[in-house]
Amino acid sequence: MEITSPRFKQNAREALADPQLQKAMGNVRSGFIDKRQAAVEALPEFDALRDNARAIKDHALSNLDLYLEAYEAKVRAAGGFVHWAETAEDARTVILDICRAAGARTVTKGKSMITEEIGLNEFFEKNGVKPVETDLGEYIIQLRGEHPSHIIAPAVHLNKEQVEADFRRVHDHLPASRDLSEPEALLGEARRVLRAAYFDADVGITGANFLVAETGSSIIVTNEGNGDLTQILPKVHIVLASLEKIVPTLEDAAQILRVLARSATGQDMSVYTTVSTGPRRLDDPDGPEEYHVVLLDNGRSSMLGTEFQDMLRCIRCGACMNHCPVYHEIGGHAYGWVYPGPMGAVLTPALIGVDKAGHLPNASTFCGRCEAVCPMRIPLPKMMRHWREREFERGLNPATARGGLKLWAFFAKRPWLYRLTTSMAIPVLSLFGGRKGRFRFLPLAGGWTRHRDLPAPESRTFMQQWRGREALKQETGGKQGAAR
Amino acid sequence: MSGREAILGKVRKSLGGGPNDAARMVAVEARLAKAPKGVIPERGQLDEKARRKLFVAMAERVSATVRQVKSYDDVPKAVAEYLRSRNLPAAIRVGADKRLAKMPWATQKALSIKHGASDGDDEAGVSHAFGAIAESGTLALTSGGDNPTTINFLPEHHIVVLDAKDVAGDMETVLAKVRRQFGKGEMPRTLNFITGPSRSGDIEQKLLLGAHGPRALHIIMVGG
Ligand code: SF4
């Protein structure tokens, strides 16, 4: 996919001016937050589970080489194949080879952000293989030639009228007079169309939420059941997963599952949690004849042992973006690549380079909500700051951000001036300058003081600070040398 | 294998490689061997009766329907009644599960029964659960000729027979049973945890039942 992260500010501006998007984003603002809160409150052990989930992943990451070897041995013992892919290109090549060997013309796909990361659909199309997305949201955006705007709700940026128009355009074998005005009708139509695709497919590709070293199993978590139909009906099942999906045991997966669905959608458990091990057995009347796992590195191994290692705990629940005021305003596409929101702001520079994604770590108000809700306790704001520091060191960051960061360092030593700097360090905020009243989680608003790094100075409104921004920039310009 | 060596080499290098490997190996082997349980929520830690009650309540909360019957002999009638109540044809798909096979299906003369994996044309399928989890209202099913996995996903209505004795408090108890039955570190091809009927919220975040899997999940709990 084309990377538009370098145009982040332009993307954000366009998003703010897009009425369809703004309407759709209302569903994020209102939908996810309360559901998560209710599910968390109903489980007194939630925070203890988070601590344990973090400990499990930290342990797995510290011993990743050993667990990968143990996992591989178990997959093979169960009759499966493991393929190691250092880069996106390696992964695409090995997947295409498996598909060619199976004589595949059509491939069904369960929802997988990793296949987005390696640009698998475009690659398939170039090579004469037809990929069919089966998750409803993924299917919709595939029809539109778009990419997911949210890691668990890929079509969250769309309204039902847009989906109806796409279905009428693409499903042109169906009577034009049919009623598609309600989501129920749209879902029913997608279900019927995709049913045929599951049976036509020669290969099914899924991602994995977990890879279990103890048993050589891959685990997927879905609500629709599309991932299951994708993997049990075709002759060949390919699992594409990145290295850090490894957990030691089934019990470890069970711990993390308890925080995953609650953080993602506010469910205690997603509808389908499926543990798959190897190909069909002798007495199995269904299931794939071949089972392949493609283990993707694509930059993860270089994050290990750095200040970004914590990001590898991410279980892709989406809570950080669901609670992010910047994401609420601009949606996922503005981030310009696969991973949006706070997790994307940290992960994207690591995977595609800070030279391309240097704007993203600035897309933060430092309200701290992402870290507060992250089930894996990933210090997202701190890591965004790491990126800004690195970016600054390399002199790669755009002029405004550079100015902002110098101010940051300058005022970090002068807390009473700190409040004035927040709007400077965060150029994206200035985009919203005229949109007073839309911020529920601005820095300086209630919950912020709990999570920020510096003491809160006396009160001035955000808007006052913002207006004073230009003047301040000039005042401090001459002292910037000290910040290096 | 070059990709493999390159990746493992990079991982080792990033982790600081080498000297503590023996200690790490011991820790990893111990964890794989012992599979420690972690935090088990109180919610499901109940006596048998309360646990079953919780299971029913949790399953209903996620839009499954539950019917309790006294014995396996009552199941065929309960199945037929369910089909009638939903205006479905009197036809089901089942696998070779012995507990299901032993039931008095002949008492339901109108009911036609197809055996084996689902071909996608079945309105209703019947499976026997491996176990269940009270904490979350979840069913556990294992693949194989007894209960083909396709029956869990292709029919519009999935009817699951559950022995009340198999209702556990938590997932860990079900996992321990998987180990006992299949062997430590061994698994059936597919272990499905199913919590309610299929659903999607992908259009305007409106939750709709019946996405790609069954529209309805009906649980017949035997005994208890
Ligand atoms: S960073 Fe945390 S909150 Fe965000 S997707 Fe990952 S695990 Fe979820």
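Residues numbered from 1 in each chain as written. Chains lettered and ligands numbered in written order. Predicted model: local features only at pLDDT ≥ 70, side-chain atom pairs only at ≥ 80, totals over all residues. Heavy atoms only, no water.

Notes on the overall build of chain B
Counting its secondary structure elements, chain B contains seven helices and twelve strands. Projecting the C-alpha coordinates of chain B onto the three principal axes gives extents of approximately 70 × 40 × 40 Å. Counting across all 224 residues of chain B, residues that qualify as buried make up 57%. Sequence separation of at least 24 residues holds for 72% of the intrachain contacts in chain B that already meet a minimum separation of 6. Once the 34 positive and 25 negative side-chain charges of chain B are each reduced to a mean point, those two points are 3 Å apart. (Helix = DSSP H or I, 4+ residues; strand = E, 2+ residues; numbered from the N terminus. Buried < 20%, exposed > 50% of the residue type's maximum accessible area, 1.4 Å probe, protein only. Contact = heavy atoms within 4.5 Å. Lys, Arg positive; Asp, Glu negative; His and termini not counted. Charge placed at Lys NZ, Arg CZ, Asp CG, Glu CD.)

Quick notes on the overall build of chain A
Assigned secondary structure in chain A consists of 25 helices and ten strands. A total of 484 residues make up chain A; the buried ones form 67% of that total. For chain A, the computed accessible surface area is about 16200 Å², with 50% contributed by carbon and sulfur atoms. (Areas by Shrake-Rupley, 256 points an atom, 1.4 Å probe, with all protein chains shown as cover.)

Digging into the site of the ligand
The immediate surroundings of the ligand are formed by 13 residues, with Cys314, Cys317, Gly318, Cys320 and Cys374 of chain A found nearest. Residue composition of the shell around the ligand, by class: eleven nonpolar, one polar and one charged. (Near = heavy atom within 4 Å. Nonpolar A, V, L, I, M, F, W, Y, C, P; charged D, E, K, R; others polar.)

A closer look at the sheet that holds strand β7 (residues 157–163) of chain B
Residues and elements named next belong to chain B. Overall, parallel pairing links the six strands, which are arranged β1-β12-β7-β4-β2-β3 in an open sheet. Bordering the open sheet on either side are β1 (65–69) and β3 (112–115), each of which pairs with just one other strand. Taken pair by pair, the neighbouring strands of this sheet meet at an average axis angle of 25°, ignoring direction. The sheet contact formed by β1 and strand β12 (residues 216–222) spans five bridges and is parallel. (Pairing = 2+ DSSP bridges. Axes fitted to C-alpha atoms, helices over the stretch in contact; angles between N-to-C directions.)

What about the side chain of Thr138 of chain B?
Along the chain, the position of Thr138 of chain B falls in strand β6 (residues 138–142). Using a relative accessible area of 0% as the deciding quantity, one classes Thr138 of chain B as buried. Looking at Thr138 of chain B, its side chain comes within polar contact range of the side chain of Thr195 of chain B, at 2.8 Å. The residues contacting Thr138 of chain B, other than those within four sequence positions of it, are Met269 of chain A together with Phe55, Ala132, Ile133, Phe193, Ile194 and Thr195 of chain B. (Polar contact = N/O pair within 3.5 Å; in protein donor to acceptor, adjacent residues only side chain to side chain.)

What to know about the sheet that holds strand β3 (residues 130–133) of chain A
All names here are of chain A. If you trace the six strands from one edge of the open sheet to the other, you get β1-β10-β7-β4-β2-β3, paired in parallel fashion. Where the open sheet ends on each side, the last strands, each with one partner, are β1 (81–85) and β3. Across the sheet, the mean angle separating the axes of adjacent strands is 25° when strand polarity is ignored. The pairing of β1 with strand β10 (residues 290–296) spans five bridges and is parallel.

Some thoughts on helix α1 (residues 8–16) of chain A
If you check which residues of α1 of chain A are buried, you get Phe8, Asn11, Ala12, Ala15 and Leu16 of chain A. Relative to the axis of α1 of chain A, the buried residues are bounded by an arc of 135° and lie together on one face. (Arc of directions from axis to C-beta.)

Observations regarding the packing of aromatic side chains
Applying the stated criterion across every chain, the model contains seven aromatic pairs over all chains. Judged by centre distance (6.0 Å) and plane angle (65°), the ring pair of Tyr139 of chain A and Phe167 of chain A falls under edge-to-face. One end of the pair, Tyr139 of chain A, is in helix α8 (residues 136–144); the other, Phe167 of chain A, is in helix α9 (residues 160–170), with 28 residues separating them in the sequence. Like Phe167 of chain A, Tyr139 of chain A is buried. Considering the side-chain rings of Phe308 of chain A and Trp387 of chain A, the 4.1 Å spacing of their centres and the 15° angle between planes classify their relative orientation as stacked. With Phe308 of chain A in the loop between α13 (300–303) and α14 (319–322) and Trp387 of chain A in helix α19 (residues 380–394), this residue pair connects regions lying 79 residues apart in the sequence. Accessibility classification places Phe308 of chain A together with Trp387 of chain A in one group, the buried group. Of the aromatic side chains, those joined through ring pairs into one cluster are Phe8, Tyr327 and Tyr335 of chain A. Across the ring face of Phe123 of chain A, the terminal group of Arg92 of chain A is positioned such that the distance to the ring centre comes to 5.6 Å. For Lys177 of chain B, the ring lying beneath its charged end belongs to Phe130 of chain B, and the centroid distance is 4.6 Å. (Phe/Tyr/Trp six-rings, centres within 6.5 Å; stacked < 30°, edge-to-face > 60°. Lys NZ or Arg CZ within 6 Å of the ring centre and 35° of its normal.)

Side note on the interface of chain A and chain B
Contacts between chain A and chain B engage 104 residues on the former and 77 residues on the latter. Between chain A and chain B, the buried area comes to about 7400 Å², and carbon and sulfur atoms account for 56% of it. There are 16 salt bridges connecting chain A and chain B. Between Asp252 of chain A and Arg31 of chain B there is a salt bridge; the shortest N-O distance is 2.6 Å. Taken together, the connections running from chain A to chain B amount to 48 residue pairs in polar contact (both at pLDDT 80 or more). (Buried area = accessible area lost by both parts, 1.4 Å probe. Salt bridge = Lys/Arg side-chain N within 4 Å of Asp/Glu carboxyl O.)

So, helix α4 (residues 75–85) of chain B
Residue and element names in this part refer to chain B. Those residues of α4 lying buried are Val75, Pro76, Ala78, Val79, Ala80, Tyr82 and Leu83. Residues of α4 that are buried make contact with β1, β2 (91–94), β4 (124–128), β7 and β12. Downstream of α4 by a residue or two, Asn87 has a phi angle that is positive, lying close to 55°.

Remarks on the nonpolar core
A general tendency of soluble globular proteins is for nonpolar side chains to be buried together. Membership of the largest hydrophobic core comes to 132 residues, with the highest contact counts inside it found for Ile95, Met311 and Tyr339 of chain A together with Phe193 of chain B. No other element matches the eight residues that helix α12 (residues 250–265) of chain A contributes to this core. (Core = buried A, V, L, I, M, F, W, Y, C linked by side-chain atoms within 4.5 Å.)

Here's the deal with unusual backbone geometry
Residue and element names in this part refer to chain B. With a phi close to 55°, Asn87 is a non-glycine residue in the positive phi region. Within the element layout of this structure, Asn87 appears in the loop between α4 and β2. Phi at Gln205 is positive, roughly 60°, even though this residue is not glycine. Relative to the elements of secondary structure, Gln205 occurs in the loop between β10 (199–200) and β11 (208–209).

Concerning the confidence of the model for chain B
Reading predicted coordinates in detail is not appropriate for stretches of low pLDDT. This prediction gives chain B a mean pLDDT of 95; 98% of its residues lie at or above 70. Under the prediction, the complex receives an ipTM of 0.97, its pTM being 0.88. (pLDDT = per-residue confidence, 0-100.)

Focus on the packing of helix α4 (residues 64–77) of chain A against helix α1 (residues 2–14) of chain B
Two numbers describe a pair of packed helices, the interaxial angle and the distance between the axes. Relative to each other, α4 of chain A and α1 of chain B sit at 150°, their axes nearing to 8 Å. In this view, α4 of chain A runs roughly antiparallel relative to α1 of chain B, as classed from their interaxial angle. Seen from α4 of chain A, the contacting residues are Leu64, Asp65, Leu68, Glu69 and Glu72 of chain A; seen from α1 of chain B, they are Arg4, Leu8, Val11 and Arg12 of chain B. Looking at the contact of α4 of chain A with α1 of chain B residue by residue, the class counts come to four nonpolar, no polar and five charged. (Parallel < 35°, antiparallel > 145°, perpendicular 65-115°, else oblique.)

Focus on the pattern of salt bridges
Proximity of charged atoms lets side chains of opposite charge pair with each other. By the definition in use, this model includes 49 salt bridges over all chains. Each member of the salt-bridge network shares a partner with another, and the members are Asp47, Arg50, Asp51, Arg54 and Arg377 of chain A.

Here we look at the pairing of strand β2 (residues 106–109) of chain A
Residues and elements named next belong to chain A. With burial as the criterion, each face of β2 is covered, one bearing Thr106 and Thr108 and the other bearing Val107 and Lys109. By the bridge criterion, four bridges tie β2 to β3 in an arrangement that is parallel. Of the residues in β3, the one forming a bridge with Thr108 is Val132. In this sheet, strand β4 (residues 203–206) lies alongside β2 in parallel orientation, the contact comprising three bridges. Across the sheet, residue Val107 finds its bridge partner in β4, namely Val203.

Looking at the side chain of Ser218 of chain A
Residue and element names in this part refer to chain A. Following the sequence through the fold, Ser218 ends up in strand β6 (residues 217–222). The class of Ser218 is buried, set by a relative accessible area of 2%. Only 2.6 Å separates the side chain of Ser218 from the side chain of Tyr291, close enough to count as a polar contact. For Ser218, the residues in contact, after removing those within four places along its chain, are Ala208, Phe210, Leu211, Val239, Thr274, Val275, Ser276 and Tyr291.

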